[in-house]
Amino acid sequence: MSSGVRTRANGGKVLVYILLIIGVIISLFPFYVSLVHALQPDYYIESSGAPDLWPLEFRFENFAIAWEKGNFSRAMLNTVFIAAATTAVKILGSCMAGYAFAKRDFKGKNVIFAILMLTIMIPDEVTMVPTYMLMLKLGWVNTYLPLIVPAVGDVFSIFLFKQFMESVPNSLIDAARIDGCNEWQLFWKIVLPTAKPAIATMAILGFQASYNDFMGPLIYLNDERLFTVQLQLKAFDRFYNSHFDQVLGSAANLIACVPVIVVFVVFQKYFVESVSLSGMKG
Amino acid sequence: MQTIHENKRKRSKGLSANAWSYVFIAPAMIGFFVFRAFPIGFAVWVSLTDWELIGPPPSFVGVQNYVQAFHDPVFGKAFANTLAFTLMTALGAALVGLIFAALLDRNIRGSKFFRTSLYVPVITPVVAVVRIWTWLYSPSPGGLFNWVAGLFGSGPYRWIMDPDMALPSLALMTIWQGFGWDMVIILAGLKGIPNVFYEAATVDGASWWDKFAHITLPLLRPVMLFVFIMGGINGFKTFAQPYLMQGPMNSTLTTSLYIFQNAFDNFRMGYAAALSFIVSVVIMLLSVVQFRAFGGEEGISYE
């Protein structure tokens, strides 16, 4: 642990705490006033003075009403399905390829990898229009396939798995070969289990990315039964007629936030790891 | 190596090591070529046609779409907006991130709690953020921002409904949501600065500010450049915020949103594809700067 050398006398620490607390208030206050708003009763009329810091009544049933109105049961199931399928496909494709690029010799390896790396700089904007036209031709519009299938060749994940696999000792792989594993078994029984930490990080991040994705579902899904949580939340605006509808809107906002915030708080260390993976060496 | 390959050949029933390697990369490569490489090439062709989703079959029009883009005042407006928005958000998030990273670096109790709380907006879905902030930006005197402005004796303002304030308001929201990411990266950079520098400076009687200005900031320059460029790349891709929170008179129109509107509202695929390439040149230039500065190995992130 670094010593207190970096810090000056304790007097400075009070200021540090005050500034950090102000930061936390700024970060979390919008959620707090939303929560207060979401709990207001149906006779509530928005005040014209200071924002309300305490509800007139605690109407927890507002969340149930908003859940029902926004069809969030269905949307949550849809979203979890998309997130799980996308993440599974992405991990399988990139783990296998990452292993091959890191640990195997084959003809054309360097050329293929160079092509992958070249395209990493080309932003998704370029492919948005032609990919949509391709999906239209394939008859995949208004299905989950455009959101799930392309993940199998996700270049960034391949890159991350290759980096990770390079740290797996060769002796482990060679020993398994000598023990009579064929290449297929070797991958499933030896390589994949060693990649567990990387897979866990990818899974958590993949869930978050799929859950929060807005543009993909917006482009490809028209049928309300297929809507994700984000699309249902966006569609919630159509109910806005009265003050109470806005209260329910705040409840819907929080409903959409809770799963991803819970996942973040519980699996925080994976997020921190991913930042160091994707960012730079510490 | 030789013996291993021989073993492999014997045990894998005829499939050579090479063949097995191709089996392993096959799913990813098929996905890559169909959904990434092919669309990139196809985009070039589409951008040279007058392709519309509905209507007559497309015909080749050469660089007409590109020429049109440079004479399109709406695209010019969108480009200027995007540039201003990107500068505000990339600088703002890097600066606020630096401040909180410096505070968190000072061995305080509960740093994990502070870090978590400051990071929560980063992982919050953008649709919810925009809906919450639209309500906070309410033009009525009871809106949170008008209440805060009222404390300073000004307002009420119309925020996103005011053509002059809409873009800065959008940027403020984006900085609020994004600075936690910059903070975590910068914090990792700060932790990497060896303590001996600070110890030596302390012996020399340097103040906290001296150390910050003469040790921390210079050593942190590559990290700051990294978060700033990443902010630039993400800023240029901004779509959801202006799509969900639109100011009047194209005041918040960004290039990504304009491309989307051309493609999916007006079905002008050819023109949209051409616009995509123009915007992508900027993003790729930023990426090249980033690659040059940090090397391809550790400098890439699309999170």
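Residues numbered from 1 in each chain as written. Chains lettered and ligands numbered in written order. Predicted model: local features only at pLDDT ≥ 70, side-chain atom pairs only at ≥ 80, totals over all residues. Heavy atoms only, no water.

1. Some thoughts on helix H12 (residues 255-265) of chain B
All names here are of chain B.
- Within H12, nine of the eleven residues are buried, which leaves the element mostly enclosed by the surrounding structure.
- Those residues of H12 that fall on the buried side of the exposure criterion are Thr255, Ser256, Leu257, Tyr258, Ile259, Phe260, Asn262, Ala263 and Phe264.
- One or two steps after H12, the chain reaches phenylalanine 267, where phi turns positive at roughly 60°. (Buried < 20%, exposed > 50% of the residue type's maximum accessible area, 1.4 Å probe, protein only. Helix = DSSP H or I, 4+ residues; strand = E, 2+ residues; numbered from the N terminus.)

2. A word on the interface of chain A and chain B
- Taken together, the contacts link 112 residues of chain A with 108 residues of chain B.
- With both sides pooled, the region where chain A packs onto chain B buries about 10100 Å², and carbon together with sulfur makes up 72% of that total.
- Counting the contacts that link chain A with chain B gives one salt bridge.
- In this structure, arginine 131 of chain B engages aspartate 237 of chain A in a salt bridge whose closest nitrogen and oxygen atoms are separated by 2.5 Å.
- If you look at where chain A meets chain B, you find 14 residue pairs in polar contact (both at pLDDT 80 or more).
- Residue contributions to the side of chain A that touches chain B peak at 18 residues, all from helix H1 (residues 10-38) of chain A. (Contact = heavy atoms within 4.5 Å. Buried area = accessible area lost by both parts, 1.4 Å probe. Salt bridge = Lys/Arg side-chain N within 4 Å of Asp/Glu carboxyl O. Polar contact = N/O pair within 3.5 Å; in protein donor to acceptor, adjacent residues only side chain to side chain.)

3. Overview of the pattern of salt bridges
Residue and element names in this part refer to chain A.
- A complete count under the given rule lists twelve salt bridges over all chains for this structure.
- Here arginine 59 makes a salt bridge to glutamate 61, at a shortest N to O gap of 3.9 Å.
- Note on arginine 59: relative accessible area 18%, which makes it buried.
- When its relative accessible area of 41% is taken as the criterion, glutamate 61 is described as partly exposed.
- When salt bridges with common partners are traced through the structure, they connect Asp42, Glu57, Arg59 and Glu61 into a single cluster.

On their own, these measurements won't tell you what the molecule is for.
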